Amino acid sequence: MSRVTFKTGMPHQERAAIWARQRLADARGRQFSSVGDQDGVLLADSVGMGKTWEAIAAAALILYKKDQPQRNRRHVLILCPSNLVSKWEGELVDGSPLRRKLDGWGRQLERSGHAASARRIHETLSMVFPIRRGTDVQTRKQRGRFSPPGGTYIVSQTLIGGRGHGLAALRREAWDIVIIDEAHSAHARKAIEKIEGRRRAGTKILLSATPFQLDPRQWNGLATNLVRSGEKVMRSP
């Protein structure tokens, strides 16, 4: 299953998801400047071309490649503008077109003898927690401290820096995958800084529909979230 794929029905989306998986989950794919220096990718395309599907498909493939038998649901964080929380939630609800694709992919994995992996990935991406306000975070403590249960958290970028016990727990969580929508925006950059205040997120997928409208400073802001070694990206005039 080293060449496992995720079929979205659109070849360009499938290629983007496989590319992201190779860059972030296959050791030989990390060739930015030195082995292991890359922990993020940028998916940049026009509005309506399917970046949401590409990101979720890539996350599914990355979770499969990162799978460890002793762990249950993983932790996925989606940071997006507040007005897009419902859109992302709608993509992952039961019965949505993308969820049907996920369910079909899971059945394919089960038939190939990877039922445990399929179940763990499905539970991670189908257990959705939309966070629009601080009170949306359920803060039931375990052993005296709140730890977010495994699943996919869709959080408003402007909220993540706010006060609240639950929000602090989200900021300190060791996320398996972080997806950042509208990653070129100032709100997105501040949100990333907040969740990386304690540790650098291990795997990031950045989405942008305006990549060629960015100035060099904005490009460099994105680059700091893609590579560990501090490489800068400069765009030609």
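Residues numbered from 1 in each chain as written. Predicted model: local features only at pLDDT ≥ 70, side-chain atom pairs only at ≥ 80, totals over all residues. Heavy atoms only, no water.

**Q** Tell me about the environment of Lys65, and name the residues and values.
**A** With respect to the secondary-structure elements, Lys65 resides in helix α2 (residues 51-65). On the basis of relative accessible area, Lys65 is assigned to the partly exposed category, the value being 31%. Sequence separation between Lys65 and Ser117 is 52 residues; the distance between their C-alpha atoms is 9.5 Å. (Helix = DSSP H or I, 4+ residues; strand = E, 2+ residues; numbered from the N terminus. Buried < 20%, exposed > 50% of the residue type's maximum accessible area, 1.4 Å probe, protein only.)

**Q** I'd like a rundown of the side chain of Asp181, residues and numbers included.
**A** Here Asp181 shows up in the loop between β5 (177-180) and α7 (186-195). Despite being buried, Asp181 has no salt bridge partner; Lys87 is the closest side chain of opposite charge, sitting 5.7 Å away. Not counting residues up to four positions away in its chain, the partners in contact with Asp181 are Leu79, Cys80, Pro81, Leu84, Trp88, Gln157, Ala188 and Leu207. (Lys, Arg positive; Asp, Glu negative; His and termini not counted. Salt bridge = Lys/Arg side-chain N within 4 Å of Asp/Glu carboxyl O. Contact = heavy atoms within 4.5 Å.)

**Q** So what's going on with the nonpolar core? Which residues, and what values?
**A** Generally speaking, soluble globular proteins have nonpolar side chains that are buried together. Grouped together as the largest cluster of nonpolar side chains are 38 residues, with contacts concentrated most on Ile56, Trp88, Trp105, Ile177, Ile179 and Ile205. Counting 26 residues, the second-largest nonpolar core is a separate cluster that includes Leu159, Ile160, Ala191 and Val227. (Core = buried A, V, L, I, M, F, W, Y, C linked by side-chain atoms within 4.5 Å.)

**Q** Tell me about the pattern of salt bridges, residues and numbers included.
**A** Considering all chains together, one arrives at eight salt bridges under this definition. Where Glu89 meets Arg132, a salt bridge forms, and the shortest distance between an N and an O atom there is 2.9 Å. Placement of Glu89 in helix α3 (residues 85-92) and of Arg132 in the loop between β3 (128-131) and β4 (151-156) is noted, with a sequence separation of 43 residues between them. With its nearest N and O atoms 3.4 Å apart, the salt bridge here joins Asp136 to Arg133. A relative accessible area of 22% means that Asp136 is categorised as partly exposed. We classify Arg133 as partly exposed; its relative accessible area is 46%. Among the charged side chains, a salt-bridge network with shared partners connects Asp39, Glu196 and Lys204.

**Q** Which residues make up the packing of aromatic side chains, and what are the values?
**A** The full count for this structure, using the stated rule, is three aromatic pairs. A ring pair is formed by Phe6 and Trp105, whose centres lie 5.4 Å apart and whose planes are at 50°; its orientation type is tilted. Linking Phe6 in the segment before α1 (11-25) with Trp105 in helix α4 (residues 97-111), this pair joins segments that are 99 residues apart in sequence. Both residues of the pair, Phe6 and Trp105, belong to the buried class. Residues Tyr153 and Trp175 carry aromatic rings whose centres are separated by 5.4 Å and whose planes lie at 70° to one another, so their mutual orientation is edge-to-face. Of the two residues, Tyr153 is situated in strand β4 and Trp175 in the loop between α6 (165-172) and β5; the sequence distance between them amounts to 22 residues. A relative accessible area of 4% places Tyr153 in the buried class. Given the relative accessible area of 7%, Trp175 is considered buried. Put simply, the rings of Phe129, Tyr153 and Trp175 touch in pairs and so form one group of aromatic residues. Seen from the ring of Trp88, Lys87 lies directly overhead, with NZ or CZ sitting 5.9 Å from the centre. (Phe/Tyr/Trp six-rings, centres within 6.5 Å; stacked < 30°, edge-to-face > 60°. Lys NZ or Arg CZ within 6 Å of the ring centre and 35° of its normal.)

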